[in-house]
Amino acid sequence: MKRMKIVKNSNHALHRPNAEFDNMQVKPYQEVPERIGYIEKVFQSSDFSHEFIEAKKMDESVLHKIHTKALIEQIKQISKESNEGEYSMPYVFPSKIVSDKQTNRIKRCNAHCMDMGTPVGKHTFDQALMSCSIAYDCSNFILEGDKLIYGLCRPPGHHAETNTYGGYCYFNNAGIAANRLIEHGKVCVLDIDYHHGNGTQELFYDKDSVLYVSIHGDPLTEYPYYTGFSDETGTGKGLGYNLNFPLPQGVTEGKYINTLNVALDKISSYKPEFLIISLGLDTYKNDPICKFNLDLDSYKTVGDMISRLNLPTIVLQEGGYYSEDLGYLALNFFKGISGCI
Ligand code: SP5
Ligand code: ZN
């Protein structure tokens, strides 16, 4: 088999928030740069045939195809105004901004942020843009004939909506890839991160050109709490092209795989021409912030099941916070999906 490309950005660690606010406590930031380093190391020392490719910075105009100018400018502006090492996130969430007198306003309060876990610093804009560039390059390689490609995106993207950032995500990487591919055929985004991808769902909610399918922790108890219910099925032309499979805490491989089988059947009947996987590795039993119970070998099975769709596939990195094991989880997933078990 041809070597699988792993598209990466060597400067992602410049984005390194140190804290997040969760359940009335300030906690160490979970979405750390080391996550990516661990994944790279495991591939390097494995016999899985791969090559690393550095992403080319994409034109900012591509961001504007899926996000509002207001959101893009906000993140850009905060980054520009930040000193090295200084991060800010809003702690006031006005429904409407009426005055522009408060010059420091966007650092304390802005209408484009949905939580207190997604700080912006000096390098955030540039690195979030590079993360989208990874996804964009992946879609171009797929259009040139690659069958399977891995975008080592960081920061992740699936929580970023048209006009809102949050959940460690600033711009929607899967959204960028999907938007590029729909020029050439029907796309399915299969989101297997532990958290519902409210952003990707929202971006394509009224479209029949992208089928969004997500298996995730039940939003009744899990972040992002307000989306991911099974009755969210799309709107207008998009009605029927959004499928959510919420699962309760504690789910083990058997039940997860049954659900994945149902999801894969739905995907097959849609007859997509391209597949994008939002690969969250936070469904792992040891994940510090999530509550599913998949183990190392489950990722092989999941990869193998998805491979039966037999589609050109972009795998984009989303969450996963048990850093030391992320490489083994990802490698197992790719052994499964590439048939090199
Ligand atoms: C991309 C991605 O996986 N984003 C996830 C963002 C989750 N942010 C909120 C985390 C709150 C976790 N609280 C768990 C308490 C465990 N003791
Ligand atoms: Zn997640």
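In this text, all values refer to a predicted model and were calculated from it rather than measured experimentally.

(A) Representation of the overall build of the protein. The secondary structure content of the protein amounts to nine helices and twelve strands. Computed over C-alpha atoms, the radius of gyration of the protein comes to 19 Å, within 12% of the 20 Å expected from 2.2 N^0.38 for 341 residues, which places it in the range of a compact globule. Dimensions along the principal axes, computed over C-alpha positions, put the protein at roughly 60 × 45 × 40 Å. Taken across its 341 residues, the protein has 58% of its residues classed as buried. The long-range fraction of contacts in the protein, counting pairs at least 24 apart against all pairs at least 6 apart in sequence, stands at 78%. Roughly 13,900 Å² of accessible area belongs to the protein as shown, and the carbon and sulfur atoms make up 49% of that amount. Taking the average place of the 34 positive charges on the side chains of the protein and the average place of its 42 negative ones, the gap between the two points comes to 4 Å.

(B) Inspection of the pattern of salt bridges at higher detail. Here the structure, examined in full by the defined rule, presents 13 salt bridges. For Arg154, the salt bridge identified is with Glu31, shortest N-O distance 2.7 Å. Here Glu31 lies in the loop between strand E3 (25-28) and helix H1 (34-44) and Arg154 lies in the loop between strand E7 (148-151) and helix H5 (173-181), a separation of 123 residues in the sequence. With a relative accessible area of 1%, Arg154 lands in the buried category. We classify Glu31 as buried; its relative accessible area is 0%. In this structure, Asp137 engages Lys56 in a salt bridge whose closest nitrogen and oxygen atoms are separated by 4.0 Å. Of this pair, Asp137 sits in helix H4 (residues 124-143) while Lys56 sits in the loop between strand E4 (50-54) and helix H2 (69-81); the two residues are 81 residues apart in sequence, bridging distant segments of the chain. Judged by relative accessible area, Asp137 falls into the buried class, the value being 7%.

(C) Fine view of the site of ligand 1. Asp22, Gly167, His195, Asp282 and Tyr321 are the nearest of the 13 residues found near ligand 1. With respect to ligand 1, the side chain of His159 contributes an N or O atom lying 3.3 Å from a nitrogen atom. Here Gly167 contributes a backbone N or O atom positioned 3.0 Å from a nitrogen atom of ligand 1. Contact with the protein chains removes 80% of the 510 Å² of surface that ligand 1 exposes when unbound.

(D) Main features of the sheet that holds strand E10 (residues 242-247). The parallel open sheet is built from eight strands, whose spatial order is E4-E1-E7-E12-E11-E8-E9-E10. On the outer flanks of this sheet lie E4 and E10, each paired with one strand and no other. Going across the sheet, the axis of each strand differs from the next one's by a mean of 15°, ignoring polarity. Taken strand by strand, H5 contacts strand E8 (187-191), strand E9 (210-217), strand E11 (274-279) and strand E12 (313-317), and its axis lies near 180° from that of E11.

(E) Spotlight on the coordination of the zinc ion (ligand 2). Protein coordination of the zinc ion (ligand 2) is provided by Asp193 (OD), Asp193 (OD), His195 (ND1) and Asp282 (OD), with donor distances spanning 1.9 to 2.8 Å. Read from N- to C-terminus, the donor residues coordinating the zinc ion (ligand 2) fall into the pattern D-x1-H-x86-D. With His195 in the loop between E8 and helix H6 (198-203) and Asp282 in the loop between E11 and helix H8 (298-307), the pair connects residues that are 87 residues apart, well separated along the chain.

(F) Fine view of the environment of Thr227. As for its position among the elements, Thr227 is in the loop between E9 and E10. Overall, Thr227 belongs to the buried group, its relative accessible area being 13%. With 31 residues separating them along the chain, Thr227 and His196 place their C-alpha atoms 7.0 Å apart. Filtering out sequence-adjacent residues up to four positions away, Thr227 remains in contact with His196, Asn198, Gln201, Pro219 and Glu232. There is a polar contact of 2.9 Å between the side chain of Thr227 and the side chain of His196.

(G) Representation of the packing of helix H7 (residues 253-270) against H8 within the structure. For the pair H7 and H8, interaxial distance at closest approach is 11 Å and the crossing angle is 15°. One finds that H7 runs roughly parallel with respect to H8. Viewed along their axes, H7 and H8 form a crossing whose handedness is right-handed. The residues of H8 that touch H7, namely those facing Glu253, Tyr256, Ile257, Leu260, Asn261 and Leu264, are Ser298, Thr301, Val302, Met305 and Ile306. Among the residues making up the contact of H7 with H8, the classes are represented as seven nonpolar, three polar and one charged.

Reading the values: the criteria
Counting from 1, residues in each chain are numbered in the order their sequence is written. Written order determines the labels here, with chains lettered from A and ligands numbered from 1. Reporting of local features is limited, given that this is a predicted model, to residues whose pLDDT is at least 70; pairs of side-chain atoms are given and counted only at 80 or more, and all residues count toward the totals for whole chains, interfaces and linings. As a rule here, side-chain values come from all non-hydrogen atoms in the structure, and water together with hydrogens is ignored. Labels follow the DSSP assignment, with helices taken as runs of H or I lasting at least four residues and strands as runs of E lasting at least two, numbered in each case from the N terminus. Only the C-alpha atoms count toward the radius of gyration. The rule for a globule is 2.2 Å times the residue count to the power 0.38. Here's how the labels work: a residue is buried when its accessible area is under 20% of the maximum for its type, exposed when over 50%, partly exposed in between, all with a 1.4 Å probe on protein chains only. Two residues form a contact once any of their heavy atoms are found within 4.5 Å. Accessible surface is estimated by sampling points in the Shrake-Rupley manner with a 1.4 Å probe; for residues, cover comes only from the protein chains shown. For this count, His and the chain ends are skipped, Lys and Arg are scored as positive, and Asp and Glu as negative. The location of each charge is read from NZ of Lys, CZ of Arg, CG of Asp or CD of Glu. Any Lys or Arg side-chain nitrogen found within 4 Å of a carboxyl oxygen on Asp or Glu counts as a salt bridge. Nearness of a residue to a molecule or strand requires only that one of the residue's heavy atoms be within 4 Å of it. Residues adjacent in sequence count toward polar contacts only when both atoms are side-chain atoms; beyond that, a polar contact is any pair of N or O atoms within 3.5 Å, and within protein one must be able to donate a hydrogen and the other to accept it. Two strands are said to pair when DSSP picks up at least two bridges between them. Every axis corresponds to a line fitted to the C-alpha atoms, with the helix fit spanning only the stretch in contact, and the corresponding angles, defined between N-to-C directions, vary from 0 to 180 degrees. Donor atoms are limited to N, O and S found within 2.8 Å of the metal ion, a distance that becomes 3.2 Å for Na, K and Ca. With water left out, some sites might look partial. Angles below 35 degrees are treated as roughly parallel, those above 145 as roughly antiparallel, those between 65 and 115 as roughly perpendicular, and all remaining angles as oblique. What makes a crossing left-handed is the near helix being turned counterclockwise from the far one by less than a right angle; a clockwise turn instead makes it right-handed. Polarity classes work like this: nonpolar for Ala, Val, Leu, Ile, Met, Phe, Trp, Tyr, Cys and Pro, charged for Asp, Glu, Lys and Arg, and polar for all others, with Gly in that last group.

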